[in-house]
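Examination of the molecular architecture
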Amino acid sequence: MRVTGTGHASMRIDTAAGSILCDPWVNPAYFASWFPFPDNSQLDWETLGQTDYLYVSHLHRDHFDADHLKRFVSKKATVLLPAYPTSELEDELRELGFTSFVETRTNEVVELDGGLRVMIQALTSPTDGPIGDSSLWVEYDGVRLLNQNDARPTDLSTFTDLGHVHAHMLQFSGAIWYPMVYELPQAAKTAFGKQKRERQFDRTWRYIDDLKASYVFPIAGPPCFLDDELWQFNDIFGDEGNIFPDQSVFLREYAKVGGSNGVVLLPGSVSELTTESCTTTHPTDVDEFFANKVAHLEEMRERKRPVIEAAKASWRHPEVDVLKEMKRVIEPLLDESIYLAKGVGGPVRFDLVGYDGESVESIVVDFPGKQVRPYGDEKVRYRFRTDRALIEQLLHVGEVDWVNSLFLSCRFSAARIGQYNEFVYAFFKCLSEERLQYAEGWYDEHFQNADSEDVRIGDWVVQRRCPHLKADLTRFGIIDGNQLTCQLHGWRFDLASGRCLTSVGHQIRAAKAPPARIDGGAGRSAGQVVEDALGGVVAGGPDHAAGGEAAGAARVHAVEAGGVGHAVGEGDRVVHMVDVAAGDAEVALDPGRRQRKRVRHERRGAGRVRVADGQQVLHIGRQLLVGDGGRHRLHEQRRRVVPALVPQRRVHCGVHVPLDGRLGREPARQHVCPHRTE
């Protein structure tokens, strides 16, 4: 399999069974704010565009470049189409002249000609891109590639289940307007930007660790900003709060967490992939290129200046009555909106700066009042300040997605009262009947089917799925004190009150729980414990034993090559896993004692360990089996050991009782509710 870098998230994948061109983007996007970097406009697009298949992941303008697709990409190409809830992507591509489509189903492998296999995973919440984002999996002759681009799936197991992935392409840099556009003191912007930058990398490391591909390719960013008004957004000033780090920064940060398999694709770079190797050639020295980044950007700025000026000249439409047109477009949607209007919960103000740069017209979108009107000097939830010409252009072309145009352009400033409100941005990306109805239906299903499954994370019992976009908190949740952070999107929750600290709404269900404890269980052998919990899959046996424990105490024996062991008494609690691979565990004694003992379990065979007869805690792989037959798992992010999930059944009184079916001991059986005798 050959992969040719063509800039940003774009690449061409060549196999003996056919070629796939992915997300070709060359022309400036979002009101001429974003440009691909490194520059890819001088590639041989006439040749690159002669492709067998075309994959456009979603409608964001740095992935869907209509002008470029129309001019350079062969209309004989067959489009690999994600399964989105609306037909917008297909409609746009048909309008450009494409007629052949493979309509995929999410997470289903499609067999193409010549042994080429593909699978597209479509994400379809209102906050996933422009009502949709997707990833492409490709396999040919045993070589597998995952082009994750911008997508943020909650789980990559769908791809790993298909076999080991050899090349993993994913986003690592920023692609948003936060926090740069907010009217905040510079120190606050820097602090928020630094936090966002760190979260971006943390999420990237998590995805890389989940997939465990042979090679990692950082793609889909960052863009560069060549307009003088936006130049400060380029990461060339040593600003630790800049959210747009480039590929050279990725490699440095990746090395800090032990990553050594990163591969950079410049426009024109070619990687030859096999099941055993990856050989990459570049059009220029990669280190030297990024060392001269400022010079490259300055050269691009001068070369693209006429393009930017021509774009700006096209935005003014003085014939457009902005207030009248906003009323015509938005008020019918406000009348139909239930969840989005309620979610916004207040007026949103647009301050439109006139052509003279001084005069301002203020227009309010009143969500509770379901109307668009002149500003009446009231408090507003959000305020956006931008050039009137930009709104004129949006109304003139009938743009249905102001997020995928105005907001991503960063050509505005913003202020808000209170927390981030996702419903504001969700509404302004749904300025069409079709999009609004889908978003309303999605939120209706989301809220009506509130997640009822609870899990224990640390000292808290919380709902398993994040209230934001249903990420599995057993994988993405981190608890620090009374605060939970979902790493997938960085949303934070106060567990004591259940309040979301990132946005309005999205209450989380949480309650304090007693610490997981190890009961005595005297008289039961390790073999019995294992047999009870795993149906005899793994058997414990006699090994090194350490003496000195009180009779009948639950014991943890460390088994090392040298036979050295440490013992822990009844009531001890495992609180922290230091090194999963080595099997280290740190064990805390009763809450009243501050001592720590470290125990090491020797791993044997396929993730198994042998323990001495009478031991009550067994570490197998990433789980612990305890003396009462209960099962615990390792929380990978915080390295905390917490109770493993067992199926839960909700009865009408709201009490959860465990079912034992998943433990493999016996079929699920009926339980008497501990709350009521039912």
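Residues numbered from 1 in each chain as written. Predicted model: local features only at pLDDT ≥ 70, side-chain atom pairs only at ≥ 80, totals over all residues. Heavy atoms only, no water.

1. Digging into the packing of aromatic side chains
All told, the structure shown has 36 aromatic pairs when counted by the stated rule. Seen in terms of ring centroids, Trp205 and Phe250 are 5.7 Å apart; in terms of plane orientation they differ by 50 degrees. Their pairing is tilted. Here Trp205 is found in helix H5 (residues 186–211), whereas its partner Phe250 is found in helix H6 (residues 247–256), with 45 residues between them in sequence. Each member of the pair Trp205 and Phe250 is classed as buried. Against the face of Trp231 rests Arg301, its NZ or CZ located 3.9 Å from the ring centre. One cation-aromatic arrangement involves Arg416 over Tyr182; the distance from NZ or CZ to the ring centre is 5.2 Å. (Phe/Tyr/Trp six-rings, centres within 6.5 Å; stacked < 30°, edge-to-face > 60°. Helix = DSSP H or I, 4+ residues; strand = E, 2+ residues; numbered from the N terminus. Buried < 20%, exposed > 50% of the residue type's maximum accessible area, 1.4 Å probe, protein only. Lys NZ or Arg CZ within 6 Å of the ring centre and 35° of its normal.)

2. Some thoughts on the packing of helix H9 (residues 322–336) against helix H11 (residues 388–397)
Between H9 and H11, the least distance of the axes is 10 Å, while the angle of their chain directions is 45 degrees. The orientation of H9 relative to H11 falls into the category oblique. Of the two possible hands of crossing, H9 and H11 adopt the one that is left-handed. Contact residues: H9 offers Val322, Glu325, Met326 and Val329, while H11 offers Arg388, Ile391, Glu392 and Leu395. A per-class count over the contact of H9 with H11 returns five nonpolar, no polar and three charged. (Axes fitted to C-alpha atoms, helices over the stretch in contact; angles between N-to-C directions. Parallel < 35°, antiparallel > 145°, perpendicular 65-115°, else oblique. Left-handed = near helix turned anticlockwise from the far one by under 90°. Contact = heavy atoms within 4.5 Å. Nonpolar A, V, L, I, M, F, W, Y, C, P; charged D, E, K, R; others polar.)

3. Quick look at the pattern of salt bridges
This structure, assessed with the given rule, holds 34 salt bridges. The shortest N-O distance in the salt bridge between Arg94 and Glu90 comes to 2.9 Å. Of this pair, Arg94 and Glu90 both sit in helix H3 (residues 88–95), four residues apart, roughly one helical turn. Of the residues examined, Arg94 reaches a relative accessible area of 40% and is grouped as partly exposed. Taking relative accessible area as the criterion, Glu90 reaches 16% and is therefore assigned buried. Arg144 is the partner of Glu139 in a salt bridge, and the nearest nitrogen-oxygen pair spans 2.8 Å. Overall, Glu139 belongs to the buried group, its relative accessible area being 10%. On the basis of relative accessibility, which here comes to 16%, the residue Arg144 falls in the buried class. Put simply, Glu111, Arg117, Glu139 and Arg144 are held in one network by salt bridges that share partners. (Salt bridge = Lys/Arg side-chain N within 4 Å of Asp/Glu carboxyl O.)

4. A look at the pairing of strand E5 (residues 78–81)
On E5, burial covers both faces: Thr78 and Leu80 on one face and Val79 and Leu81 on the other are all buried. As judged from the two bridges shared by strand E4 (residues 53–55) and E5, these two strands associate in the parallel manner. Counterpart to Leu54 in the pairing with E5 is Val79. As paired strands, E5 and strand E6 (residues 100–103) are joined by four bridges and run parallel to one another. Bridge pairing in E6 places Leu80 opposite Val102. The parallel pair E5 and E6 is bridged by H3, and the resulting crossover is right-handed. (Pairing = 2+ DSSP bridges. Right-handed = clockwise from strand over helix to strand, strands pointing away.)

5. As for unusual backbone geometry
Peptide bonds are, in most cases, trans, and in most cases residues other than glycine have a negative phi. The omega torsion of the bond from Phe37 to Pro38 falls at 0 degrees, within 30 degrees of zero and hence cis. Among the secondary structure elements, Pro38 is positioned in the loop between strand E3 (18–22) and helix H1 (45–48). Backbone torsion omega between Tyr178 and Pro179 reads 0 degrees, so that peptide bond is classified as cis. Relative to the helices and strands, Pro179 resides in the loop between strand E11 (167–171) and H5. We note that His8 has phi near 55 degrees; this positive angle belongs to a residue other than glycine. Here His8 is to be found in the loop between strand E1 (2–5) and strand E2 (11–15).

No statement about biological role is implied by the geometric values presented.
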